[in-house]
Amino acid sequence: MLSLWLAGGAAAAGSLAPVSCIVEPDEVVRVTTPVAGIVAEVAVDRVDSVVAGQVIARLDTTLEAIALAMAEARADSDARIRAAEARLAFLTTQADRAEDLLTRNAISQTEARQARLEADIARHDLDEAHLAHRLALVEAEQARAVLDQKVLRAPLDGVVVERMLTRGEYRDPQSQIATIARLDLLRVEAFAPLGHHAALAVGQQVMIHPEPPFSGAYPATITVIDRVFDPATATFGMRMALPNPDLALPAGLRCEVRFGP
């Protein structure tokens, strides 16, 4: 029964009239900077291809680089820990010796307790030294993150559609830096008449025919079929995913969706 239903659906779809469509990028990202600063370098321009993680611009990082160097110096130093360890070892030996002298009545109980108290305080000082070192490591990581915020990277593979910055300009956190569009996967939007609705389903393959001067037929897959119709035009919206791995098709084209083989 299922195979008969699928065959019937395919046959019904094949008899549908073509509809107009528009080819758009699957994703368009407007890259902004999370922090303010002076633009020190611009590594891309309009129509350049970029990959996710590629540096597209840098803000001035002079102060952040200094802060990171200081934080890393503190994180790399274990001098305070070594000093605390040496002091603890010395005072522990002194406390043990004082307790031995106490058993022979060579010193008072107060003096022995004082020696043990100093050893306990030294142990707490060593714990604080270890904590300070861990905090220094965290501060170094924080300084690295602050520095990294001044380096602007592409969030996805795509093409630079717009570049809105130049070296020497000041940018605040609300300023747009560039617009990047993903083109290896395109999104096709169309409005079809209500009579097509029953014959179409998500996952169904259709053929996209772009407008001249581009030619050929490109397979796409229906990903969205609207459930809310437009009563004014008696149409419903539909979306298709069109693979474009070799970037043969640009975005922004008018096209036609054909439902037959």
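Values in this document were obtained by computation on a predicted structure and should not be read as measured data.

So, how was this worked out
Residues numbered from 1 in each chain as written. Predicted model: local features only at pLDDT ≥ 70, side-chain atom pairs only at ≥ 80, totals over all residues. Heavy atoms only, no water. Helix = DSSP H or I, 4+ residues; strand = E, 2+ residues; numbered from the N terminus. Rg over C-alpha atoms; globule rule 2.2 N^0.38 Å. Buried < 20%, exposed > 50% of the residue type's maximum accessible area, 1.4 Å probe, protein only. Contact = heavy atoms within 4.5 Å. Phe/Tyr/Trp six-rings, centres within 6.5 Å; stacked < 30°, edge-to-face > 60°. Expected span 1.5 Å × (residues − 1). Salt bridge = Lys/Arg side-chain N within 4 Å of Asp/Glu carboxyl O. Pairing = 2+ DSSP bridges. Axes fitted to C-alpha atoms, helices over the stretch in contact; angles between N-to-C directions. Parallel < 35°, antiparallel > 145°, perpendicular 65-115°, else oblique. Left-handed = near helix turned anticlockwise from the far one by under 90°. Nonpolar A, V, L, I, M, F, W, Y, C, P; charged D, E, K, R; others polar.

Enquirer: Explanation requested: the overall build of the protein in the structure shown.
Expert: Of the regular secondary structure elements, the protein holds 4 helices and 12 strands. Relative to the 2.2 N^0.38 estimate, which gives 18 Å for 261 residues, the radius of gyration of the protein is 34 Å and therefore markedly larger than a compact globule would have. Structurally, the protein occupies a C-alpha span of about 110 × 60 × 35 Å along its principal axes. Across the 261 residues in the protein, those meeting the buried criterion constitute 32%. Contacts spanning at least 24 positions in sequence make up 75% of the contacts within the protein whose residues lie at least 6 apart.

Enquirer: Quick question: what am I supposed to make of the packing of aromatic side chains here?
Expert: Two descriptors summarise a pair of aromatic rings, namely the distance from one centre to the other and the angle between the planes of the rings. Following the criterion strictly, the structure yields 1 aromatic pair and no others. For the ring pair Phe229 and Phe236, a centre distance of 5.9 Å and an interplane angle of 50 degrees mean the geometry is tilted. On the basis of relative accessibility, which here comes to 36%, the residue Phe229 falls in the partly exposed class.

Enquirer: Whenever I open this one, the environment of Ile66 confuses me. Can you help?
Expert: Mapped onto the secondary structure, Ile66 falls in helix α2 (residues 62-76). For Ile66, a relative accessible area of 45% puts it in the partly exposed group. Here the alpha-carbon distance between Ile66 and Glu111, two residues 45 residues apart in the chain, equals 49 Å.

Enquirer: Looking at this model, I keep getting lost on helix α3 (residues 79-103). Mind explaining?
Expert: Note: α-helices contain 3.6 residues per turn, so residues at a spacing of three or four share the same orientation. Taking 1.5 Å per residue, 25 residues should reach 36 Å; α3 reaches 37 Å between its end C-alpha atoms and fits that length. Listing the buried residues of α3 in full gives Ile81, Ala84, Leu88, Leu91, Ala95, Ala98 and Leu101. Of the surrounding elements, those touching the buried residues of α3 are α4 (109-148).

Enquirer: Help me understand the pattern of salt bridges, please; the structure alone is not making it clear to me.
Expert: Side-chain pairs of opposite charge can arise where the charged atoms are in close proximity. For the structure shown, the criterion picks out 19 salt bridges. Across the pair Arg144 and Glu72 runs a salt bridge whose closest N-O atoms are separated by 3.6 Å. Of the two residues, Arg144 is situated in helix α4 and Glu72 in helix α2; the sequence distance between them amounts to 72 residues. The class for Arg144 is partly exposed, based on a relative accessible area of 35%. For Glu72, a relative accessible area of 29% corresponds to the partly exposed category. Residue Arg87 is joined to Asp125 by a salt bridge in which the shortest nitrogen-to-oxygen separation is 3.2 Å.

Enquirer: How should I be thinking about the pairing of strand β6 (residues 158-163) in this particular structure?
Expert: Within a regular strand, side chains alternate between the sheet's two faces. As paired elements, strand β3 (residues 49-50) and β6 share 2 bridges and run antiparallel to each other. Across the sheet, Ser49 pairs through a bridge with Val159, a residue of β6. One ladder, built from 4 bridges, connects β6 with strand β8 (residues 176-193); its direction is antiparallel. Its bridge partner being in β8, Arg163 is matched across the sheet by Ala178.

Enquirer: Teacher, can you tell me more about the pairing of strand β10 (residues 218-225) here?
Expert: Bridge count between strand β9 (residues 205-210) and β10: 4 bridges; the pairing is antiparallel. Paired with Gln205 across the two strands is Thr221, which belongs to β10. Pairing of β10 with strand β11 (residues 235-243) involves 4 bridges; the strand directions are antiparallel. Pairing of Ile222 across the sheet is with Met240, part of β11.

Enquirer: Whenever I open this one, the sheet that holds strand β4 (residues 55-59) confuses me. Can you help?
Expert: Remark on secondary structure: sheet strands pair via backbone hydrogen bonds, oriented parallel or antiparallel. Spatial ordering of the open sheet is given by β5-β4-β2-β7, a layout of 4 strands whose pairing is antiparallel. Two strands lie at the open edges of the sheet, namely β5 (151-153) and β7 (170-171), each paired on one side alone. Both β4 and β5 contribute to a ladder of 3 bridges, which runs antiparallel. Counterpart to Val55 in the pairing with β5 is Arg153.

Enquirer: Honestly, the packing of α3 against α4 in this entry has me stumped. Any pointers?
Expert: In contact at an axis separation of 8 Å, α3 and α4 are set at 160 degrees when each is read in the N-to-C sense. One element, α3, and the other, α4, form an angle in the roughly antiparallel class. Helix-helix and strand crossings are classified by hand; for α3 and α4 the assignment is left-handed. Among the residues forming the contact of α3 with α4, the class breakdown is 14 nonpolar, 5 polar and 10 charged.

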